[in-house]
Amino acid sequence: MKLVVTEKNDAAEKIARLLSSSAPKKDKVFSTPVYRFEHQGEEWVTIGLRGHILEPNFTEQLTYTKKAGWSGVDASGNHLSVTLPKTLPVPPFNTRRKPFMPDGIDLKTWKMDALPYLVYAPIEKLPKEKDIIRSLKNLAKKCSSVIIATDFDREGELIGADALSCIYDVAPNVPVQRARYSSFTKAEIEESFSHLVELDNNLAAAGASRQDIDLIWGAVLTRYLTLVKFAGYGNVRSSGRVQTPTLALIVAKERERMAFVPEDYWVIQGEFGEENSTDAFSSTHATARFKQLEAAQAAMQALEGATHGRVACVTRKKRTVAPPAPFNTTSLMAAASAEGISPARCMRLAESLYMDGYISYPRVDNTVYPSTLNLKDTVRAIAKNPAYTPFCEQLLKQPKLSATRGKQQTTDHPPIYPTALATPEMIDAPRYKLYNLIARRFLATLSSPAVIEGTKVDLTVNDQSFVAKGDVLRVPGFREIYPFGLKRDEQLPALHEGDTVVFRGATCTHKQTEPPARYSQGRLIQEMEKLGLGTKSTRHSIIERLYNVKYIVNDPIEPCSLGIAVCDALDKYAPHITHPEMTSQLEEEMNSIATGASTKQNVVSDSRSLLADQLEALLPHVEEVKEALADAVAAYAYVGKCPKCGKDLQIRASQKTRSMFIGCAGWPDCDVTYPLPSGKIEAVDELCPACGMPQVKVTAFRTKPRIMCIDPACASNKEPDVVVGECPVCKEQGKHAKLIAQRNPRTLKRFIRCENYDDCQTGYPLPQYGAITATDEVCEHCGAPLVIVTTTRGPWKLCPNFSCPSKETEEASIKKRTSSSRKSARSQASKTGKAGKVTATKASKTAKTTTAKAGKVAKTTSRKK
DNA sequence: GCAAGGTC
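Residues numbered from 1 in each chain as written. Chains lettered and ligands numbered in written order. Predicted model: local features only at pLDDT ≥ 70, side-chain atom pairs only at ≥ 80, totals over all residues. Heavy atoms only, no water.

Visitor: Please clarify how helix α12 (residues 389–397) should be interpreted in this entry.
Guide: The α-helix advances 3.6 residues per turn, and as a result positions three or four apart in sequence lie on the same side. Buried within α12 we find Phe391, Cys392 and Leu395. Buried residues along α12 cover an arc of 100 degrees about the axis, so they all sit on one side. Summarising the geometry of α12, the exposed residues directed more than 90 degrees from the buried face are Pro390 and Lys397. Considering only its buried residues, α12 is in contact with α11 (375–382) and α13 (429–445). (Buried < 20%, exposed > 50% of the residue type's maximum accessible area, 1.4 Å probe, protein only. Helix = DSSP H or I, 4+ residues; strand = E, 2+ residues; numbered from the N terminus. Arc of directions from axis to C-beta. Contact = heavy atoms within 4.5 Å.)

If you want it as structure tokens, here you go:
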């Protein structure tokens, strides 16, 4: 059996169809779809990955001992040697074998003095798509040879190389070849599979160095910015190779606007024709902008008393407007942005339309339809939409359709076009809005140009000249079907040279020159493309990220004070990250790896020392940067007024434990505090409807945000204690005691406790959210009372006992993909000694970034299966 | 829950 590995499921299916003489058989290996068929008398199977299946991350621990220096341990327990430059100071936390960097995600472990070591921390590749890796390995064991058929680009080569490393884990000697194709046509696919080549390891290494550099710079600078002024969980201040230069673009534009000095000017507007008649029109003075008030006043004076003007000259000019080019990702996002759909939303809608078969693949650079695309069939397919029917019929009357061509031409995917009929009745409104844009754009690209007639009329009133301009669409052409971004017609009455027209007077308006416009999201995407920042698939998410971390607001985009402060601080001490040149430089270095002129090790190591320099500049200025961020951070921390002293109540983080609470700005004179639950806390404007106190928005890890009153004593926060059963421990001793579900008003933690807790110590934790109702049942494994938790996702039954044997069986944990199992996974993972008991689901949920132990357990458990 | 890059 021959195994073909592609980058995505879609490609696996297409290749199977193109290589097979009959229809390929769709099958599943575990939960991954695969396609089986016969090719030249041999059995073949194709499997689609989901992009990258491995992900680089820092190894779990880096420890320091006086004897051995720095050392790391990888996920398999292997020793990793770490070479640190001698100039670095020995850490002040020089305790014996104390890990300083166990988990990348947990903010508790982030430490400022660990950052220099993070720069040089070892990186390894961890599994990201566990299910797919399992399926891939399963097939690899059975196959006689492998063909890597991922996309024909740098990331594709890397994805292929990662897949191969998984395959070699189980089939070290299997022969491997690479298929290179750039379009899904029968001829090209057959050609590429009959002329297989070798995998380009240099190209893959170039991609891998991009991954490492992005991770190292991102992690170090993000942690620096977050720690400089710690403002609680959920308040991460991120930085990265693409997002920071993008932020810098926005900030630079704002600076330009702030530095702009507006200039005064005056505009004279004359009114002509009989009032309220169809002949009425207005016209501006031939001196469009009077720089001096005196000149404008003189012109107004010269017009005084005039009742008529004379048409001095009428010129008409026709201009043709060519139909637009086919959509690629960037132009689609720009057009959607102009229609009020943000790029990120546009891509989500497009992905959904694509998955349901309404449009073609949405991530393309190409703007030229391939010759294999049957334009007429596509028109016929969407002609049934009544809004398009007349126009489509016109198009179909033509013997042959010809389409416009854009500047970018690639052959991997066609430009974005509609692949099936949709009407407002068939899909929901937001999706239809985007579909309509895409379908109309497609029809526009097949249409004739529009012809617009521009009319310019010169008028004289006394000795003053006026100019009136009008545009009339003479031949609608593509404009008939594609009205987006269209200026309204400004029709002028029929005027001829020498005509006399009524002059109804003029007004003089004082105006000021406008500063340069802010970026709209669509414009920013185009600017990023121009500078080579991000890719077509990532730009929208980068902008969304800047919104999420509250660096920017609104559209057109304005930077917030926090965004400006972050940008300025980095620009001052770590300018490398704020400039788009970091990307172009990286691009050059990656090319040199691809050609063999350099190696991944050299490039990453150079990048590390560059980052070390920038960090060295940043670290001594912690106080300065803290000061710069303080105002911006305080603005987000304000929740309301203190009921005792009237000063500001602020969301604060405890210096020692980093846990969150609300404190009064008047501290230490005022001691008012309120507890907060764990999670991301944001201030909201609305006061509590029950008691009038301020409220906060709480987003606990992996839950929906909810609004709560800050006062634990408020009726809205009161929950009655619920009797959930009888204490099993007391019962054994012949006593009878109730188990009660309750919430600690100080910590807001919720738990079940025996009313005799002081004696018997029986207690179980509960999830923080959701109503608790009692059941008559007890857990068959441990005897704890079962409770029903009702959250927004509906009710589910829970055994609250963490150490219940039922939680250690795989079936139970796979079934329970609920917050309870996640919660227990977290708490178990934190009890590192018990990490061996973490079950498969928990491990797969957390192992992406969590401890190596969890990753290891996931491996062993999946093997058992 | 750190980056950016694939894809779902």
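Visitor: In this structure, what is going on with the protein's contact with DNA strand B? I would like to understand it.
Guide: Close to DNA strand B lie 43 residues, the nearest being Arg50, Val236, Ser238, Val242 and Gln243. Across the atoms of DNA strand B situated within 4 Å of the protein, the share located in sugar and phosphate is 65%. The contact in question runs from a sugar or linking oxygen of DNA strand B to an N or O atom on the side chain of Glu351, over 2.8 Å. For the surface near DNA strand B, the secondary-structure elements that each account for two or more residues are β5 (54–58), α6 (201–228), α10 (343–355) and α15 (539–548). Residue contributions to the surface near DNA strand B peak at 8 residues, all from α6. Residue classes in the surface near DNA strand B are distributed as 12 nonpolar, 16 polar and 15 charged. (Near = heavy atom within 4 Å. Polar contact = N/O pair within 3.5 Å; in protein donor to acceptor, adjacent residues only side chain to side chain. Nonpolar A, V, L, I, M, F, W, Y, C, P; charged D, E, K, R; others polar.)

Visitor: How should the environment of Met528 be read in this particular structure?
Guide: Mapped onto the elements of the fold, Met528 is located in helix α14 (residues 521–531). C-alpha separation for the pair Met528 and Pro580, spaced 52 residues apart in sequence, amounts to 9.1 Å.

Visitor: Help me understand the nonpolar core in this model?
Guide: Among soluble globular proteins, nonpolar side chains are generally buried collectively. Grouped together as the largest cluster of nonpolar side chains are 138 residues, with contacts concentrated most on Tyr224, Leu434, Tyr435 and Leu443. Per-element tally for this core: the top contributor is α6, with 13 residues. Once residues lying within four places of it in the same chain are set aside, the contact partners of Leu443 are Val379, Ile382, Tyr388, Phe391, Cys392, Leu395 and Ile481. Judged by nonpolar contacts, the second largest core, of 28 residues, contains Val29, Ile47, Leu54 and Ile167. (Core = buried A, V, L, I, M, F, W, Y, C linked by side-chain atoms within 4.5 Å.)

Visitor: Looking at this structure, how should I read the packing of α14 against α15?
Guide: If you want to describe how two helices pack, look at the angle between their axes and the distance between the axes. The geometry of α14 relative to α15 is characterised by a closest axis approach of 10 Å and an angle of 125 degrees between their N-to-C directions. The angle between α14 and α15 places the two elements in the oblique class. Read as a crossing pair, α14 and α15 show a hand that is right-handed. Of α15, the residues touching α14 (which contributes Gln521, Leu524, Ile525, Met528 and Glu529) are Arg539, His540, Ile542, Ile543 and Tyr547. (Axes fitted to C-alpha atoms, helices over the stretch in contact; angles between N-to-C directions. Parallel < 35°, antiparallel > 145°, perpendicular 65-115°, else oblique. Left-handed = near helix turned anticlockwise from the far one by under 90°.)

Visitor: I keep staring at the pairing of strand β9 (residues 123–127) and nothing clicks. Help me out?
Guide: Along any regular strand the residues' side chains alternate between the sheet's two faces. The alternating pattern of β9 places Glu124 and Leu126 on a buried face and Ile123, Lys125 and Pro127 on a face that is not buried. Taken together, the 5 bridges between β5 and β9 define a ladder with antiparallel strand orientation. Pairing of Glu55 across the sheet is with Leu126, part of β9. (Pairing = 2+ DSSP bridges.)

Visitor: Looking at this model, I keep getting lost on helix α20 (residues 622–637). Mind explaining?
Guide: The largest bend along α20 measures about 40 degrees and falls at Ala630. Every buried residue belonging to α20 is among Val622, Val625, Leu629, Ala630, Ala632, Val633 and Ala637, and all of these are buried. (Bend = angle between axes of the 7 residues up to and from the residue.)

Visitor: Hey, could you run me through the sheet that holds strand β15 (residues 450–461) in this one?
Guide: Two orientations exist for strands paired in a sheet by backbone hydrogen bonds: parallel and antiparallel. Read once around its circumference, the closed barrel built from 6 strands follows the order β12-β13-β16-β15-β14-β17, with strand pairing classed as antiparallel. Each strand of the sheet is rotated relative to its neighbour by a mean of 35 degrees, with strand direction disregarded. By the bridge criterion, 8 bridges tie strand β12 (residues 264–272) to strand β17 (residues 500–512) in an arrangement that is antiparallel. Bridge pairing in β17 links Val267 to Thr509.

Visitor: Please clarify how the pairing of β17 should be interpreted in this entry.
Guide: Note: strand β14 (residues 308–321) against β17, 3 bridges, orientation antiparallel. Its bridge partner being in β17, Arg310 is matched across the sheet by Thr500.

Visitor: Would you take a moment to explain the side chain of Gln464 for this structure?
Guide: Tracing the backbone shows Gln464 in strand β16 (residues 464–475). The residues touching Gln464, leaving out its near neighbours within four places in the chain, are His285, Ala299, Ala302, Leu303 and Leu459.

Visitor: In this structure, what is going on with the sheet that holds strand β11 (residues 176–178)? I would like to understand it.
Guide: The strand order across the open sheet formed by 6 strands is β2-β3-β4-β1-β10-β11, and the pairing between neighbours is mixed. A strand with exactly one partner marks an edge of an open sheet, and here the two such strands are β2 (25–29) and β11. When the angles between neighbouring strand axes are averaged without regard to direction, this sheet yields 25 degrees. Pairing analysis gives 5 bridges linking strand β1 (residues 2–6) to strand β4 (residues 42–48), with the strands arranged parallel.

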